[in-house]
Amino acid sequence: MTRATSIPEIVTLHVPFRVAKRGGRKEMQLPEGTAQPRQADNTLVKALARAFRWKRMLESGEFATITELAEREGIAPSYITRVLRLTLLAPDTVEAILDGTQGPEMTLARVLEPFPLQWSLLVGHFR
């Protein structure tokens, strides 16, 4: 049996995309309107997990101060304080981070920035 058409050895495919930094990693982003599968940002998810774990450790009395906790974890107290603020995020924001639907502008570096005095500015910042 012979084939009427031959299969080419090389196939060239052109896909428009841009490279963006997200959570310290580079990510390919397809053009607007293209369905993009979402993937949770592991850096953000890990920070959320740490924040809630540290909050639970402090609330349970396992550690009396952030300084004690920082010494045990081998992390600067100022970093623990910034990460603990993640426990103050709205539940739908936490869910979006866990689902990977939070948007490319929400990175760990941005959520660790001090919250603005006016809450509505923060909400608009991540939409």
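Residues numbered from 1 in each chain as written. Predicted model: local features only at pLDDT ≥ 70, side-chain atom pairs only at ≥ 80, totals over all residues. Heavy atoms only, no water.

When its secondary structure is counted, the chain shows six helices and two strands. Across the 127 residues in the chain, those meeting the buried criterion constitute 28%. Total accessible area on the chain is roughly 9200 Å²; 57% of this is exposed by carbon and sulfur atoms. (Helix = DSSP H or I, 4+ residues; strand = E, 2+ residues; numbered from the N terminus. Buried < 20%, exposed > 50% of the residue type's maximum accessible area, 1.4 Å probe, protein only. Areas by Shrake-Rupley, 256 points an atom, 1.4 Å probe, with all protein chains shown as cover.)

Let us look at helix α1 (residues 42-59). Taking 1.5 Å of rise per residue, 18 residues should cover 26 Å, and α1 covers 26 Å from first to last C-alpha, within 8% of that figure. Packing partners of the buried residues in α1 comprise α2 (66-73), α3 (77-84), α4 (91-99) and α5 (108-111). With a side-chain oxygen lying 3.0 Å from the backbone nitrogen of T43, the N-terminal cap of α1 falls on D41. G61 sits one or two residues past α1 and shows a positive phi near 90 degrees. (Expected span 1.5 Å × (residues − 1). Contact = heavy atoms within 4.5 Å. Polar contact = N/O pair within 3.5 Å; in protein donor to acceptor, adjacent residues only side chain to side chain.)

One pass over the structure, following the stated rule, counts three salt bridges. For E73, the salt bridge goes to R53, with nearest N and O atoms at 3.0 Å. In this pair, E73 is assigned in helix α2 and R53 in helix α1, connecting sequence segments 20 residues apart. Since its relative accessible area comes to 30%, R53 is described here as partly exposed. Between E62 and R72 there is a salt bridge; the shortest N-O distance is 3.9 Å. Of this pair, E62 sits in the loop between α1 and α2 while R72 sits in helix α2, and the two are ten residues apart along the sequence. (Salt bridge = Lys/Arg side-chain N within 4 Å of Asp/Glu carboxyl O.)

Our next topic: the packing of α1 against α3. A pair of packed helices is captured by two measures, namely the crossing angle of their axes and the spacing between those axes. At their nearest, the axes of α1 and α3 sit 8 Å apart, and the two run at 100 degrees to each other. Relative to α3, the element α1 is oriented roughly perpendicular. When α1 is examined against α3, the residues A47, R50, A51, W54, K55 and L58 are found in contact with a partner set consisting of Y79, I80, V83 and L84. A class-by-class count of the residues in the contact of α1 with α3 yields eight nonpolar, no polar and two charged. (Axes fitted to C-alpha atoms, helices over the stretch in contact; angles between N-to-C directions. Parallel < 35°, antiparallel > 145°, perpendicular 65-115°, else oblique. Nonpolar A, V, L, I, M, F, W, Y, C, P; charged D, E, K, R; others polar.)

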